[in-house]
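Single-letter residue listing:
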Amino acid sequence: NLGQGPYYQGVMVSLYGDNLHDKHPVRSPLDSAVNYMTSKFGNIAYFQKNHDVVFLYAFKDKRQRINEDDMEKLLTIYKDKRKALTCHVGISTIQSTSFMTINENLLNLKNFMKTVHEHSRVLEYDNLGVFKMFQNIDNIEELYSYVPDDILALAKDKPEYALTFSRFLNNNQNYVKTAHELFVHPKTVRYRINKIVDGLNLSLDDTDLLLSIQIGLKICEYTKLIAIENRA
């Protein structure tokens, strides 16, 4: 029933780890993904090769689309059954004409996640946003080359300051909202921002510079160089 369409979407599940081979000669660690997808979505075609499996799903209404929330359960299954494995799940954009775009989406997501994410992750192509610019990178250092040197040094040396600056810019330079988000006092946010601005000789009115910094900070957050766990 795959030809019923008219909309199509692809999902790629990729497994990484030292313990990818079962002692059983028939079973595959990808069986859990196949079982989950076929039971949840019904008529779905799939192609398995090595430690990747690609699913193709057809549906009549775009509201039936597969999203990240649908696939988080699969990560839980692998976390429970295969703790030593890393599971990456890429979800393509919806297409009504060509499967080529679906294939390109999934291959780019696979490459991007393998480069950037060390842990299990679900990523939807439509949610990549600004990171579509970086989907063809080959290594993490190439991605960090897009981060201004001063900001990269700040992220490595004082991740709590870098995270504060990132959220401050995301919140349109609102001290109170940023403080609430980071569970700190507004005076703490103001102190950190003043230290950053003075130390790096920045102007909060230079929109072009701030855009470059904001993209750089997003890269640092996305790669977990700075994270909410690092707040102080």
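Residues numbered from 1 in each chain as written. Predicted model: local features only at pLDDT ≥ 70, side-chain atom pairs only at ≥ 80, totals over all residues. Heavy atoms only, no water.

Engineer: Would you mind showing me how to read the overall build of the chain here?
Structural biologist: When its secondary structure is counted, the chain shows 9 helices and 5 strands. Of the regular secondary structure in the chain, the N- to C-terminal order runs β-α-β-β-α-β-α-β-α-α-α-α-α-α. Along the three orthogonal principal directions, the C-alpha set of the chain runs to about 60 × 40 × 30 Å. Partitioning the contacts of the chain with sequence separation of at least 6, the portion at a separation of at least 24 is 69%. About 13,000 Å² of surface is accessible on the chain, with carbon and sulfur atoms providing 47% of the total. Charge-centre separation for the chain: the mean point of 28 positive side chains lies 7 Å from the mean point of 28 negative side chains. (Helix = DSSP H or I, 4+ residues; strand = E, 2+ residues; numbered from the N terminus. Contact = heavy atoms within 4.5 Å. Areas by Shrake-Rupley, 256 points an atom, 1.4 Å probe, with all protein chains shown as cover. Lys, Arg positive; Asp, Glu negative; His and termini not counted. Charge placed at Lys NZ, Arg CZ, Asp CG, Glu CD.)

Engineer: Whenever I open this one, the packing of helix α6 (residues 159-170) against helix α9 (residues 207-222) confuses me. Can you help?
Structural biologist: Helices that pack against each other are described as a pair by the angle of their axes relative to one another and the distance between those axes. Where α6 meets α9, the axes come as close as 10 Å, and the angle between the chain directions of the two elements is 125 degrees. Judged by the inter-axis angle, α6 sits oblique to α9. Classified by chirality, the crossing of α9 by α6 is left-handed. Across from A162, L163, F165, S166, R167, L169 and N170 in α6, the residues of α9 making contact are L210, I213, Q214, L217, K218 and E221. Taken together, the residues of the contact of α6 with α9 break down into 7 nonpolar, 3 polar and 3 charged. (Axes fitted to C-alpha atoms, helices over the stretch in contact; angles between N-to-C directions. Parallel < 35°, antiparallel > 145°, perpendicular 65-115°, else oblique. Left-handed = near helix turned anticlockwise from the far one by under 90°. Nonpolar A, V, L, I, M, F, W, Y, C, P; charged D, E, K, R; others polar.)

Engineer: Help me understand the packing of aromatic side chains in this model?
Structural biologist: Under the defined criterion, the tally for this structure stands at 11 aromatic pairs. Between the aromatic rings of Y46 and F55, the centroid separation amounts to 5.8 Å while the plane-to-plane angle is 45 degrees, which identifies the pairing as tilted. What makes Y46 partly exposed here is its relative accessible area of 44%. Overall, the relative accessible area of 0% leaves F55 in the buried class. Through a chain of ring-to-ring contacts, the aromatic side chains of F112, F131, F134, Y146 and Y222 assemble into a single cluster. Its guanidinium or amino end placed over the ring of Y161, K158 lies 4.9 Å from that ring's centre, counting from NZ or CZ. Its end group placed over the ring of Y175, R190 keeps NZ or CZ at 3.9 Å from the ring centre. (Phe/Tyr/Trp six-rings, centres within 6.5 Å; stacked < 30°, edge-to-face > 60°. Buried < 20%, exposed > 50% of the residue type's maximum accessible area, 1.4 Å probe, protein only. Lys NZ or Arg CZ within 6 Å of the ring centre and 35° of its normal.)

Engineer: Please clarify how the packing of α6 against helix α8 (residues 186-200) should be interpreted in this entry.
Structural biologist: Axis separation between α6 and α8 bottoms out at 10 Å; the angle between their running directions is 100 degrees. Considering the angle they form, α6 stands roughly perpendicular to α8. Listed contacts from α8 to E160, Y161, T164, F165 and F168 of α6 are V189, Y191, R192, I193, K195 and I196. Considering only residue class, the contact of α6 with α8 consists of 7 nonpolar, 1 polar and 3 charged.

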